[in-house]
Amino acid sequence: LAELTFDVVTSDGVRLEEQDGGFAVADAAGGAVLTSPAPTMWDSGHADGTARGTTPPGAFGAGAHDVDPTLAPPPGAAVEVMASELRGDAVTVVPDADLLSD
């Protein structure tokens, strides 16, 4: 899986911009109407429910709480920020190859 591309459709008067590794939807005056953090992927763990790897310090997630691994990285999950790029009316993200093959 080399990359994923998602078409983006915006309303009149707003535009999608790259911002801090993620994206922002800006109005005509340049003010952010909506922001999205950098695309992130994680290893949801083993079939027995245990995670592998380590969550980097400061990474988002539920900490010691129970977490649905389809929504956020569980404690101990390997977490990687994906490269992303805005190309015209599409956003392309590049999954971390090492995490996919692990």
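What counts and how
Residues numbered from 1 in each chain as written. Predicted model: local features only at pLDDT ≥ 70, side-chain atom pairs only at ≥ 80, totals over all residues. Heavy atoms only, no water. Helix = DSSP H or I, 4+ residues; strand = E, 2+ residues; numbered from the N terminus. Buried < 20%, exposed > 50% of the residue type's maximum accessible area, 1.4 Å probe, protein only. Contact = heavy atoms within 4.5 Å. Areas by Shrake-Rupley, 256 points an atom, 1.4 Å probe, with all protein chains shown as cover. Pairing = 2+ DSSP bridges. Axes fitted to C-alpha atoms, helices over the stretch in contact; angles between N-to-C directions. Salt bridge = Lys/Arg side-chain N within 4 Å of Asp/Glu carboxyl O. Core = buried A, V, L, I, M, F, W, Y, C linked by side-chain atoms within 4.5 Å. Polar contact = N/O pair within 3.5 Å; in protein donor to acceptor, adjacent residues only side chain to side chain.

Undergrad: Explain the overall build of the protein to me, please; I cannot follow it from the model alone.
TA: For the protein, the helix and strand inventory stands at 1 helix and 8 strands. Each helix and strand of the protein, ordered N terminal to C terminal, gives the series β-β-β-β-β-β-β-β-α. Looking at the protein as a whole, 25% of its 102 residues qualify as buried. Of all intrachain contacts in the protein linking residues separated by at least 6 positions in sequence, the fraction that spans at least 24 positions is 52%. Split by element, the accessible area of the protein, about 6,600 Å² in all, is 53% carbon and sulfur.

Undergrad: What's the story with the sheet that holds strand β3 (residues 22-27) in this structure? I'm lost.
TA: Strands pair in a sheet through their backbones, by hydrogen bonds, and they do so in one of two ways: parallel or antiparallel. Ordered by their spatial adjacency, 3 strands build an open sheet running β2-β3-β4, and the pairing between neighbours is antiparallel. Each having just a single partner strand, β2 (14-19) and β4 (32-36) make up the two edges of the open sheet. Averaged over all adjacent pairs, the angle separating strand axes in this sheet is 20°, with direction ignored. Looking at chain direction, β2 and β3 are connected through 6 bridges and run antiparallel. When the sheet's bridge partners are listed, Val 14 is paired in β3 with Asp 27.

Undergrad: Teacher, can you tell me more about the pattern of salt bridges here?
TA: Two side chains carrying opposite charge are able to pair once their charged atoms lie near each other. Tallied over the entire structure, the rule returns 3 salt bridges. Glu 17 serves as the salt-bridge partner of Arg 15, at 2.8 Å between the closest nitrogen and oxygen. Linking Arg 87 and Glu 85 is a salt bridge whose minimum nitrogen-to-oxygen distance equals 3.2 Å. Exposure remark for Arg 87: the relative accessible area of 38% places this residue in the partly exposed category. One salt-bridge network, in which partners are shared between bridges, spans Glu 3, Glu 85 and Arg 87.

Undergrad: Which parts of the structure should I look at to understand the nonpolar core?
TA: For soluble globular proteins, the rule of thumb is that nonpolar side chains tend to be buried together. Among the nonpolar cores identified, the biggest contains 5 residues, and these are Leu 16, Phe 23, Val 25, Val 91 and Val 93. Elements represented by at least two residues in this core include exactly β3 and β8 (90-94). In this structure, Phe 23 is in contact with Leu 16, Glu 17, Glu 18, Leu 34, Thr 35, Ser 36, Pro 39, Ser 84, Glu 85, Leu 86 and Val 91, ignoring residues within four places of it in sequence.

Undergrad: It is not clear to me how the environment of Ala 24 should be interpreted in this structure. Could you clarify?
TA: With respect to the secondary-structure elements, Ala 24 resides in strand β3. Linking Ala 24 and Thr 35, residues 11 residues apart in sequence, is a C-alpha distance of 4.2 Å.

Undergrad: Can you walk me through the side chain of Thr 92 in this structure?
TA: Locating Thr 92 in the fold gives a position in strand β8. Take Thr 92: its relative accessible area is 2%, and that puts it in the buried class. Side-chain polar atoms of Thr 92 contact the side chain of Thr 5, separated by 3.0 Å. Among all residues touching Thr 92, those that are not within four sequence positions of it are Glu 3, Leu 4, Thr 5, Ala 83, Ser 84, Glu 85 and Arg 87.

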